[in-house]
Amino acid sequence: MEVVNSKLSLGKANKIFKEISRTYFEMGDPTYLHYMCNPLKKIVFQNIVGTLFYRYSLSTVKIVDEEQPIAYCFHRKIGERIVICMDIYLTPESRGKGLSRKVIELYRKELYKQGFDFILGAAFNKNIPSQKMLQKYADANFFYTNAFQFNRSTFSSSVSLEFKKINMNQKELYFNIIYKTLQKDFENIPLEKSTIHDVIRFIWGPFVFGIFSSNQLIGNITYEILVGTIYIKLALEDKYWNIAPEIVEKFCSYCSLKQEIVVVQHPNNVTIDRNDVEKTSPVLFFNIFTTLGECQ
């Protein structure tokens, strides 16, 4: 097998994305459920938004064997030394033949040649084969793997807080607490602070809210709504985790969110030990693995 440089045609991008989106939809990924339960949204998502994104916004590493395509690996740069891997797509004819290890090895070598040292990926929580493959063949380090959920109808919050929208240009407000909460997850990965900031930018997005108590920043929070559920990312100063559900409920009320079920993703080193919330899995397990020139 070898890597060849080529650009996808729109037709090929459409064919691959349709299969990828069907797979995640059948697994129950909320993002894909959100866009594909409605027939009109599905057509736009599969044939326009997703296809154009894979064709024009992502770089592709194509792996062939005797000129026959084996895999397409999709990624984009998010920092000087790191890329986000969006998908590793094995062609239908290549599946079940034990080729995953070789494909990942060639992909890592190619990214190393291009000047990258790390890959940020995400595995859907129900995609166990993908998680095992990354851990076995790519030495992936998973982080941000904890979450809890609760029903807002059973909660009320009297905590006194302020929420202010901030952006990534307000670096102290944006990065400080999130960076501290993720530090332990990166202890065994030789990432520079600036590279961790690139990771945070991708995971948290361009705009988050600062959580303030008596004009002091105590945390950050952001959300999205998919299939009737509120999905929250949360970072707090250590002493506030014991009232994390109350903080989240206060934020949902501040944003006038109507949905009742809330899933809150939080750092690995935090334990929420309460009887009124339920431990669950986040939608995505984020992971980082190195791109080495010589893979074992």
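Scroll up a little and you will see the structure.
Residues numbered from 1 in each chain as written. Predicted model: local features only at pLDDT ≥ 70, side-chain atom pairs only at ≥ 80, totals over all residues. Heavy atoms only, no water.

Novice: Looking at this structure, I do not really get a nonpolar patch on the surface. What am I missing?
Specialist: A cluster of nonpolar side chains, Leu10, Leu40, Val44, Ile48, Val49, Leu52 and Tyr56, forms an exposed patch at the surface whose accessible area comes to about 650 Å². Residue contributions to the nonpolar patch peak at six residues, all from helix H3 (residues 39-57). With a relative accessible area of 46%, Val49 lands in the partly exposed category. (Patch = residues over 30% accessible without salt bridge, like charges linked within 9 Å, V, L, I, M, F, W, Y side chains within 5 Å. Areas by Shrake-Rupley, 256 points an atom, 1.4 Å probe, with all protein chains shown as cover. Salt bridge = Lys/Arg side-chain N within 4 Å of Asp/Glu carboxyl O. Helix = DSSP H or I, 4+ residues; strand = E, 2+ residues; numbered from the N terminus. Buried < 20%, exposed > 50% of the residue type's maximum accessible area, 1.4 Å probe, protein only.)

Novice: Mind showing me how you'd approach the pairing of strand E4 (residues 82-90) here?
Specialist: Working note: regular strand, side chains alternate between the two faces of the sheet. The buried fraction of E4 amounts to seven of the nine residues, a majority that puts the element mostly inside the structure. Where strand E3 (residues 68-77) lies against E4, seven bridges are found, and the strand directions are antiparallel. Across the sheet, His75 pairs through a bridge with Cys85, a residue of E4. Taking the residues that link successive antiparallel strands as the turn, the E3-E4 hairpin has four residues. In this sheet, strand E5 (residues 118-124) lies alongside E4 in parallel orientation, the contact comprising three bridges. Residue Ile84 lies in a different strand from E5, and its bridge partner there is Leu120. As a crossover connection, the stretch from E4 through helix H4 (residues 100-113) into E5 is right-handed. (Pairing = 2+ DSSP bridges. Right-handed = clockwise from strand over helix to strand, strands pointing away.)

Novice: I would appreciate a short explanation of the sheet that holds strand E2 (residues 59-65) in the present structure.
Specialist: Sheet strands associate in pairs through backbone hydrogen bonding, adopting either a parallel or an antiparallel arrangement. Ordered in space as E1-E2-E3-E4-E5-E14-E6, the seven strands form an open sheet in which the pairing is mixed. Edge positions in the open sheet fall to strand E1 (2-4) and strand E6 (141-143), since each of these has one partner strand only. Taking the axes of each pair of neighbouring strands and ignoring which way they run, one obtains an average angle of 35° across the sheet. Looking at chain direction, E1 and E2 are connected through three bridges and run antiparallel. Bridge pairing links Val3 to Ile63 in E2. (Axes fitted to C-alpha atoms, helices over the stretch in contact; angles between N-to-C directions.)

Novice: Looking at this model, I keep getting lost on H4. Mind explaining?
Specialist: Look at H4: 20 Å from first C-alpha to last across 14 residues, which is about the 20 Å you get at 1.5 Å a residue. Buried residues of H4: Val103, Ile104, Glu105, Leu106, Tyr107, Arg108, Glu110 and Leu111, and no others. After H4 finishes, the residue Gly115 shows a positive phi value of roughly 100°. (Expected span 1.5 Å × (residues − 1).)

Novice: Would you mind going over the side chain of Asn220 with me for this structure?
Specialist: With respect to the element layout, Asn220 can be found in strand E10 (residues 216-226). Judged by its relative accessible area of 0%, Asn220 falls in the buried class. There is a polar contact of 3.1 Å between the side chain of Asn220 and the backbone oxygen of Leu173. (Polar contact = N/O pair within 3.5 Å; in protein donor to acceptor, adjacent residues only side chain to side chain.)

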